Amino acid sequence: MNTIEKFDSHVMGTYGRCGIVLEKGSGRTAADENGKKYIDFGSGIGVNCLGYCDEDWADAVCAQVRSIQHTSNYYYTRVQADFAEKLSEVTGYGRMFFGNSGAEANECAIKIARKYSFDKYSTKERCNIITLTDSFHGRTVTTLSATGQDAFHNYFFPFTEGFINVKANDIDDLRAKLDGGVCAVMFEFIQGEGGVNVLDGDFVREIFRLCAENDVLTIADEVQTGAGRTGTFLTSEQFGVKPDITTLAKGVAGGVPVGICLAGEKCGDVLTKGTHGSTFGGNPLACAGGLAVISKVGNPSFLAEVKEKGDYFKKKLMEIPEVSGVDGMGLMMGVSFKTRSAAEVFAACHEKGLLVLTAKTKLRLLPPLNITYNEIDEGIEILRSVLV
Ligand SMILES: *Cc1c(COP(=O)(O)O)cnc(C)c1O
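Residues numbered from 1 in each chain as written. Predicted model: local features only at pLDDT ≥ 70, side-chain atom pairs only at ≥ 80, totals over all residues. Heavy atoms only, no water.

### Observations concerning the site of the ligand
(1) Moving on: In the neighbourhood of the ligand, the contacting residues comprise Ser101, Gly102, Ala103, Asn106, Phe136, His137, Gly138, Glu188, Asp221, Val223, Gln224 and Lys250.
(2) Moving on: A distance of 2.8 Å separates an oxygen atom of the ligand from a polar atom in the backbone of Gly102.
(3) Moving on: One nitrogen or oxygen atom from the side chain of Gln224 is found 2.7 Å from an oxygen atom belonging to the ligand.
(4) Moving on: Within the complex, the protein chains bury 81% of what would otherwise be the 380 Å² of accessible surface of the ligand. (Near = heavy atom within 4 Å. Polar contact = N/O pair within 3.5 Å; in protein donor to acceptor, adjacent residues only side chain to side chain. Areas by Shrake-Rupley, 256 points an atom, 1.4 Å probe, with all protein chains shown as cover.)

In structure tokens, the structure reads:
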């Protein structure tokens, strides 16, 4: 049996996979079982932010494997303390909880918001969380409930109660629904899975104004936009706001599973002993990977380059006649076409040796943050050849 047959005969068919078996990677290039090479404009959905097997990152993770790989949360580890300190420094958040995925980070944020409200107002009624249409917050039953897309609300009844959808960028809808039963508003600055939709600055400012006025927590899901993806460590910096809670995952440890819930002063001490936990949370390997990522991505000069590369990318993409628009910020891009469908372009790119992603009707690009200008040019040449 070949790899795909063996795989499909044992692993649940929950994903629409393309028929490529990736075997190894180096820098911004992956190779399949037959040795065919692919330039990577997808980073495993924004995870491999330093590309494949970055030397320093790999050294840090390997050294940790050989030092101590897991302890459980009965004990302290130095590497978690170091990673947490560095994250605090770079993000300005004083407290954090470590889990293993974006969904888990968001679950933590939801628990904080509800307990903050219950602790302070002593009522079960002030428990609702506003989320936006076309959002995506994860695959657990509760984060599916939070996700503002009807397509995700099938089969798994009953869903978690207490999520109210507001139309993204509709200030009137937000004002109408933010009533006394709401404890938090949760949103992505740029909706990733929902189609690379950047929120309007005015809408974001209105969320923060209304939430401050009503003691409602702001939760930024930066699972996809965080950790340098858009040219600042957190995308909130570019919107000029400081959410009460920010969640991170995907790129933050460069390819080791991790999810982080960052909390500011207002709600950093809401979760007390025994109210939350995770066996693998804060695992030393994840923290070692995260420390290696942040020691590069946390530098202002690295982040400035992400922004410059994003601008260059956009300019080159717009030079392709078939491209009608590029949305997003930094190295998070959604490309629209005049006549071609994203699905068709996606398949053709893989055929020609370029890994890409889609989001709704757009081609989505999340290249490694340390991609070179030459590699950008090479990948865009492949895309151009697909689009003639
Ligand atoms: C990917 C993603 C998630 C879910 O993360 P998992 O690690 O798959 O649980 C949640 N929110 C956003 C914005 C994401 O992009």
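### Some thoughts on the pattern of salt bridges
(1) Moving on: Evaluation of the coordinates by the stated rule reveals 21 salt bridges.
(2) Moving on: Two residues, Lys120 and Asp215, come together in a salt bridge whose shortest N-O distance is 3.0 Å. Remark: Asp215 occurs in the loop between helix 8 (201-214) and strand 10 (217-221) and Lys120 occurs in helix 5 (residues 102-121); sequence separation between them is 95 residues.
(3) Moving on: With a shortest N-O distance of 2.8 Å, Asp327 and Lys362 are connected by a salt bridge. (Salt bridge = Lys/Arg side-chain N within 4 Å of Asp/Glu carboxyl O. Helix = DSSP H or I, 4+ residues; strand = E, 2+ residues; numbered from the N terminus.)

### Quick word on the sheet that holds strand 5 (residues 128-132)
(1) Moving on: If you trace the 7 strands from one edge of the open sheet to the other, you get 4-12-11-10-7-5-6, paired in mixed fashion. For this open sheet the edge positions go to strand 4 (95-99) and strand 6 (163-166), each flanked by a neighbour on one side alone. In this sheet, neighbouring strand axes are inclined to one another by 20° on average, regardless of whether the strands run parallel or antiparallel.
(2) Moving on: As paired elements, strand 5 and strand 7 (residues 182-187) share 3 bridges and run parallel to each other. Of the residues in strand 7, the one forming a bridge with Ile129 is Ala184.
(3) Moving on: Running over the sheet, helix 4 (residues 78-91) touches strand 4, strand 11 (245-248) and strand 12 (259-263) and is turned about 125° from strand 4. (Pairing = 2+ DSSP bridges. Axes fitted to C-alpha atoms, helices over the stretch in contact; angles between N-to-C directions. Contact = heavy atoms within 4.5 Å.)

### Focus: helix 4
(1) Moving on: Given a rise of 1.5 Å per residue, 14 residues ought to cover 20 Å, and the 20 Å separating the end C-alpha atoms of helix 4 matches this to within 8%.
(2) Moving on: Listed in full, the buried residues belonging to helix 4 are Val79, Phe83, Ala84, Leu87 and Thr91. For helix 4, the buried positions fall inside an angular range of 130° around the axis, keeping them on one side. Relative to its buried face, helix 4 has exposed residues pointing more than 90 degrees away, namely Arg78, Glu85 and Glu89. (Expected span 1.5 Å × (residues − 1). Buried < 20%, exposed > 50% of the residue type's maximum accessible area, 1.4 Å probe, protein only. Arc of directions from axis to C-beta.)

### A closer look at the packing of aromatic side chains
(1) Moving on: Under the counting rule described, the total for this entry stands at 10 aromatic pairs.
(2) Moving on: Measuring from ring centre to ring centre gives 5.0 Å for Phe41 and Phe313, while their planes differ by 65°; the resulting arrangement is edge-to-face. One end of the pair, Phe41, is in the loop between strand 3 (37-40) and helix 2 (43-46); the other, Phe313, is in helix 11 (residues 300-318), with 272 residues separating them in the sequence. Across the pair, Phe313 and Phe41 agree in class, each one buried.
(3) Moving on: Taken together, the ring pairs in this structure connect Phe187, Phe189, Phe208 and Phe239 into an aromatic cluster.
(4) Moving on: Here the guanidinium or amino end of Arg114 rests over the ring plane of Phe163, the centre of that ring lying 5.3 Å away.
(5) Moving on: Its guanidinium or amino end placed over the ring of Tyr121, Arg126 lies 4.0 Å from that ring's centre, counting from NZ or CZ. (Phe/Tyr/Trp six-rings, centres within 6.5 Å; stacked < 30°, edge-to-face > 60°. Lys NZ or Arg CZ within 6 Å of the ring centre and 35° of its normal.)

### Remarks on the state of the cysteines
(1) Moving on: Scanning the entire structure with this criterion turns up 0 disulfides.
(2) Moving on: Not engaged in a disulfide, the cysteine Cys108 finds its nearest cysteine sulfur in Cys261; these two sulfurs lie 3.8 Å apart.
(3) Moving on: You can call Cys108 buried: its relative accessible area is 1%.
(4) Moving on: Of the cysteine sulfurs around Cys287, a residue in no disulfide, the closest is that of Cys108, at 15 Å. (Disulfide = S-S within 2.5 Å.)

### A word on the packing of helix 11 against helix 13 (residues 373-386)
(1) Moving on: As a packed pair, helix 11 and helix 13 sit with axes 11 Å apart at the nearest point and diverge in direction by 25°. Judged on the interaxial angle alone, helix 13 and helix 11 are roughly parallel. Here helix 11 and helix 13 pass one another in a crossing that is right-handed. Residues Glu308, Lys309, Tyr312, Phe313, Lys316 and Leu317 of helix 11 form the contact with helix 13, whose own contacting residues are Tyr373, Ile376, Asp377, Ile380 and Leu383. (Parallel < 35°, antiparallel > 145°, perpendicular 65-115°, else oblique. Left-handed = near helix turned anticlockwise from the far one by under 90°.)

### Here's the deal with the environment of Val345
(1) Moving on: Looking at the secondary structure, you find Val345 in helix 12 (residues 342-351).
(2) Moving on: With relative accessibility at 0%, the residue Val345 sits in the buried group.
(3) Moving on: For Val345 and Leu383, which are 38 residues apart along the polypeptide, the C-alpha to C-alpha distance reads 8.1 Å.
(4) Moving on: Among all residues touching Val345, those that are not within four sequence positions of it are Phe337, Arg340, Leu363, Leu383, Val386 and Leu387.

### Side note on helix 10 (residues 284-297)
(1) Moving on: With 14 residues, helix 10 extends 19 Å from end C-alpha to end C-alpha; this agrees with the ideal 20 Å at 1.5 Å per step.
(2) Moving on: Within helix 10, 11 of the 14 residues are buried, which leaves the element mostly enclosed by the surrounding structure.
(3) Moving on: Looking at the buried positions of helix 10, the neighbouring elements they touch are helix 3 (55-65), helix 4 and helix 11.
(4) Moving on: At the N-terminal boundary of helix 10, the capping side chain belongs to Asn283, with an oxygen 2.8 Å from the backbone nitrogen of Leu285.

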